[in-house]
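One-letter residues, chain by chain:
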Amino acid sequence: MSESITGVSYAAAGVDIEAGDRAVELMKEWVGKTRRPEVLGGLGGFAGLFDASALKGYERPLLASATDGVGTKVDLARRMGVYDTIGHDLVGMVVDDLVVCGAEPLFMTDYICVGKVHPERVAAIVKGIAEGCVLAGCALVGGETAEHPGLLGEDDFDVAGAGTGVVEADRLLGADRIRTGDAVIAMASSGLHSNGFSLVRHVVFGRAGWSLDREVAEFGRTLGEELLEPTKIYSLDCLALTRTADVHAFSHVTGGGLAANLARVVPETLHARVDRSTWQPGAVFDVVGTAGAVERLELEKTLNMGVGMIAVVPADSVDVALATLADRGVDAWVAGEITERGDHTTGAALTGDYAK
């Protein structure tokens, strides 16, 4: 018995090359908006090019590198059909890790993985990434869109990115600069940012059984709109701060919460005490905690609790630091101080109760 064999194509396997090409054409305009003078060539090459001769003005340039993703927040974007904000989250997660050491973000690349290429959807994701890069002052020099049929559903996607920055060696920030008596300055977050969404999704969808279109009085908008609020990008604000104040260290408050991330930049002999009474976390933190009966300590080690970035500065630089941030529209305040570490203290801890 004979059987005719029909040739199999890449498209029949689920990969649409023409759709991928269309997506690239749609995103070119947005990538172009991120261009810095050091960038060579255009979108579509095998590698992005950045003219390193721009670093000749440095005495000893140190390159900083960071990579990250957005986590399960992408599930909310998919459910809501909103794709042009998730890129802000990606850029914020990457560039604000770079700036912690004092590095200026220079360029980023992205990786978008989809079950099926929908050109307009991919272009919207890249648009958000490009807008984030503009806010961060860095270039988007390239990326990859991968179609994985059979592994991801047609509407499923994930995003990741990597960034490179530069800092002068003698301007490198970190634990070795921190001294007793330094002030801990908190910068307000825009909301949940892009961490802890596995807990958040478990609470609002699983425990509470809410829908994304639910109007929440505490938010003044729907649940989905609040949860999808983009991550605040602090890199240019932090760099401005290093030019006006004697910054000793930054800490990007991401997964693990405020205390754990601040402890990463505190020397072993010192302790950072942060006073909860100096601020009131946004409504979203209380709503998540109440809806899921989540204990405060569990919230604090998972979510940013309203603080997205920390700057550690000497006491005599506080006024100029706060003035600089205020001029840039950043809500900031003195939240604590650096002390000697005692027998029963750790790298960083929160004390007191949140302001009412």
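Located above this text is the structure these notes cover.
Residues numbered from 1 in each chain as written. Predicted model: local features only at pLDDT ≥ 70, side-chain atom pairs only at ≥ 80, totals over all residues. Heavy atoms only, no water.

(A) Just the environment of Ser277, in detail. For Ser277, the location among the structural elements is in the loop between β11 (270–275) and α9 (283–291). The spacing of Ser277 and Tyr354 is 77 residues in sequence and 4.4 Å in space, taken between C-alpha atoms. Not counting the four nearest positions on each side in its chain, Ser277 is found in contact with Asp353, Tyr354 and Ala355. (Helix = DSSP H or I, 4+ residues; strand = E, 2+ residues; numbered from the N terminus. Contact = heavy atoms within 4.5 Å.)

(B) Representation of the sheet that holds strand β13 (residues 332–340). Judged by pairing direction, the sheet is mixed, and its six strands sit side by side in the order β10-β12-β7-β13-β11-β14 without closing on themselves. Either end of the sheet is taken by a strand with one partner, and the two such strands are β10 (249–252) and β14 (348–351). Strand-to-strand twist across the sheet, computed as the mean angle between neighbouring axes with direction ignored, equals 25°. Direction of pairing for strand β7 (residues 183–188) relative to strand β12 (residues 307–313): antiparallel, over a ladder of six bridges. Looking at β12, one finds that Val184 is bridged to Val312. (Pairing = 2+ DSSP bridges. Axes fitted to C-alpha atoms, helices over the stretch in contact; angles between N-to-C directions.)

(C) A look at the pattern of salt bridges. Here the structure, examined in full by the defined rule, presents 16 salt bridges. Residues Arg221 and Glu226 are paired through a salt bridge, measuring 3.0 Å at the closest nitrogen-oxygen approach. A residue is classified by how much of its surface remains accessible, and Arg221, at 24% relative accessible area, is partly exposed. A relative accessible area of 12% places Glu226 in the buried class. (Salt bridge = Lys/Arg side-chain N within 4 Å of Asp/Glu carboxyl O. Buried < 20%, exposed > 50% of the residue type's maximum accessible area, 1.4 Å probe, protein only.)

(D) View of the state of the cysteines. For the coordinates displayed, the defined rule picks out zero disulfides. The closest cysteine sulfur to the non-disulfide-bonded Cys138 is located on Cys133, 3.8 Å from its own sulfur. Using a relative accessible area of 1% as the deciding quantity, one classes Cys138 as buried. (Disulfide = S-S within 2.5 Å.)

(E) Just the packing of helix α2 (residues 73–80) against helix α5 (residues 197–207), in detail. Contact geometry for α2 and α5: axes closest at 8 Å, N-to-C directions at 50°. It follows that α2 is oblique to α5 by the angle criterion. Only Phe197, Arg201 and Phe205 of α5 make contact with α2, whose side of the interface consists of Lys73, Asp75, Leu76 and Arg79. (Parallel < 35°, antiparallel > 145°, perpendicular 65-115°, else oblique.)

(F) A look at α5. Buried within α5 are the following residues: Phe197, Leu199, Val200, Val203, Val204 and Phe205. Against α2, α6 (223–227) and α9 lie the buried residues of α5. Just downstream of α5 lies Gly209, where phi reads positive at about 70°.

(G) Just the packing of aromatic side chains, in detail. All chains considered together, the criterion is met by four aromatic pairs. Centroid distance Trp279 to Tyr354: 5.4 Å. Interplanar angle 70°. Geometry classified as edge-to-face. Of this pair, Trp279 sits in the loop between β11 and α9 while Tyr354 sits in the segment after β14, and the two are 75 residues apart along the sequence. Residue classification places Tyr354 among the buried positions, given a relative accessible area of 12%. Three or more aromatic residues link up through ring pairs in this structure, and these residues are Trp279, Trp333 and Tyr354. The cationic tip of Arg79 hangs over the ring face of Phe205; the distance from NZ or CZ to the ring centre is 4.2 Å. Positioned above the aromatic ring of Tyr354 is the side chain of Arg276, whose terminal nitrogen or guanidinium carbon lies 5.9 Å from the ring centre. (Phe/Tyr/Trp six-rings, centres within 6.5 Å; stacked < 30°, edge-to-face > 60°. Lys NZ or Arg CZ within 6 Å of the ring centre and 35° of its normal.)

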